[in-house]
Amino acid sequence: MSNNPQNRKDEGLKSLGAKTQYSLDYAPEVLETFQNKHPMNDYWVQFNCPEFTSLCPITGQPDFAEIRISYIPAEKMVESKSLKLYLFSFRNHGDFHEDCVNIIMKDLIKLMEPKYIEVTGYFTPRGGISIYPFANYGLPGTKYEKMAEFRFMNHNMSK
């Protein structure tokens, strides 16, 4: 398979191989998926974004975090460059830390319909306090729903 973007069989991916265009505000529309070649297998995919930034909705000051996204894919997977552009789109977006983590998780659920997903934000201290919001989801009516409940109840809140 060629690395030339025009010759790839990537189901219409727009970001991969194209010149990077950064959105100036929250942009879930930049997220793209591709088909999971192993939907019958359970396996983890993890993304770490150590340079996530957003804005405090009250003061407008920047907030910095590492965002960790882990999921078990079903039929679709998120394309990594589009995820990078999506996470970058929070740079000028004002929301509380907890909101950012929940918005990211919900957007990825809507996009991929994963078997399981969890998102954690490790926000750097401001005023001497660190905030580490965690959100997760398991596909309702499946073992993944039970897994989400178990992982939530047993979640280790330390970094």
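Residues numbered from 1 in each chain as written. Predicted model: local features only at pLDDT ≥ 70, side-chain atom pairs only at ≥ 80, totals over all residues. Heavy atoms only, no water.

### A look at the UniProt feature "active site" (unreviewed entry) in the protein
The following threshold applies: UniProt positions are given in the numbering used here, feature names are shortened, and annotations may be inferred rather than shown by experiment. In this text, helices come from DSSP runs of H or I with a minimum length of four residues, and strands from runs of E with a minimum of two, each type numbered from the N-terminal end. In this analysis, two residues are considered to be in contact whenever any of their non-hydrogen atoms come within 4.5 Å of each other.
In the UniProt entry, the feature "active site" (unreviewed entry) is given for C56 and D63. Inspection of the secondary structure puts C56 in the loop between β2 (45–55) and β3 (62–72). Here C56 is in contact with Q61, D63 and R126, once residues within four sequence places are set aside. By the element assignment, D63 lies in strand β3. D63 has contacts with F52, T53, S54, L55, C56, H97, F123 and R126, leaving out every residue within four places of it along the chain.

### Focus on the UniProt feature "binding site: substrate" (unreviewed entry) in the protein
Heads up, the rule is: Here's how the labels work: a residue is buried when its accessible area is under 20% of the maximum for its type, exposed when over 50%, partly exposed in between, all with a 1.4 Å probe on protein chains only.
The sites that UniProt annotates as "binding site: substrate" (unreviewed entry) are V78, E79, S80, H97 and E98. For E79, the position within the fold is in the loop between β4 (76–78) and α1 (80–88). On the basis of relative accessibility, which here comes to 4%, the residue E79 falls in the buried class. By relative accessible area, which is 10% here, H97 ends up buried. Beyond its immediate chain neighbours, meaning those up to four positions away, H97 contacts D63, F123, I131 and P133.

### Topic: unusual backbone geometry
Positioned with a positive phi, E113 is a non-glycine residue whose angle comes to about 50°. Within the secondary structure, E113 sits in the loop between α2 (97–112) and β5 (116–126). We classify E113 as exposed; its relative accessible area is 54%.

### As for the packing of aromatic side chains
Rules: Under the pairing criterion, centres of Phe, Tyr and Trp rings, with the six-membered ring standing for Trp, must be within 6.5 Å; the plane angle then separates stacked pairs below 30 degrees from edge-to-face pairs above 60, leaving the rest tilted.
Under the counting rule described, the total for this entry stands at nine aromatic pairs. A connected cluster of aromatic rings, assembled from ring pairs, spans Y26, F52, Y86, F90 and F123.

### Concerning the pattern of salt bridges
The cut-off we apply is this: For this document, the term salt bridge refers to a Lys or Arg side-chain nitrogen within 4 Å of an Asp or Glu carboxyl oxygen.
For the coordinates displayed, the defined rule picks out five salt bridges. Where D42 meets K115, a salt bridge forms, and the shortest distance between an N and an O atom there is 3.0 Å. Of this pair, D42 sits in the loop between β1 (33–35) and β2 while K115 sits in the loop between α2 and β5, and the two are 73 residues apart along the sequence. For D42, the salt bridge identified is with K143, shortest N-O distance 3.2 Å. With D42 in the loop between β1 and β2 and K143 in helix α3 (residues 143–153), the pair connects residues that are 101 residues apart, well separated along the chain. Accessibility expressed as a relative area gives 39% for D42, which makes it partly exposed.

### So, the nonpolar core
Test applied: Throughout, nonpolar core names a set of buried Ala, Val, Leu, Ile, Met, Phe, Trp, Tyr and Cys residues whose side chains join them through atoms within 4.5 Å.
Core analysis: the largest hydrophobic core is formed by 27 residues, its most contacted members being F52, I67, I69, I104 and L108. Contributions of two or more residues to this core are made by β2, β3, β4, α1, α2 and β5. Of all the elements, α2 adds the most residues to this core, at eight residues. Ignoring sequence-local partners within four residues, the contact set of I69 consists of V45, Q46, F47, L83, L87, I104, L108, I117, E118 and V119.

### Comments concerning the pairing of β5
Formally: Strand pairing is assigned whenever DSSP detects at least two bridges linking the two strands.
Judged by how many residues are buried, β5 sits mostly within the fold: eight of 11 residues are covered. Strand direction decides the pairing type here: β3 and β5, joined by eight bridges, are antiparallel. In the strand pairing of β5, I67 is matched with G121. In this structure, β5 lies alongside strand β7 (residues 134–138), joined through five bridges in antiparallel fashion. Residue pairing for β7: Y116 is matched across the bridge by G138. Bridge count between β5 and strand β6 (residues 129–131): two bridges; the pairing is antiparallel. Each residue of the ladder has a partner; that of R126, found in β6, is I129. Connecting β5 to the antiparallel partner β6 that follows it, the hairpin turn spans two residues, and G127 within it adopts a positive phi of roughly 65°.

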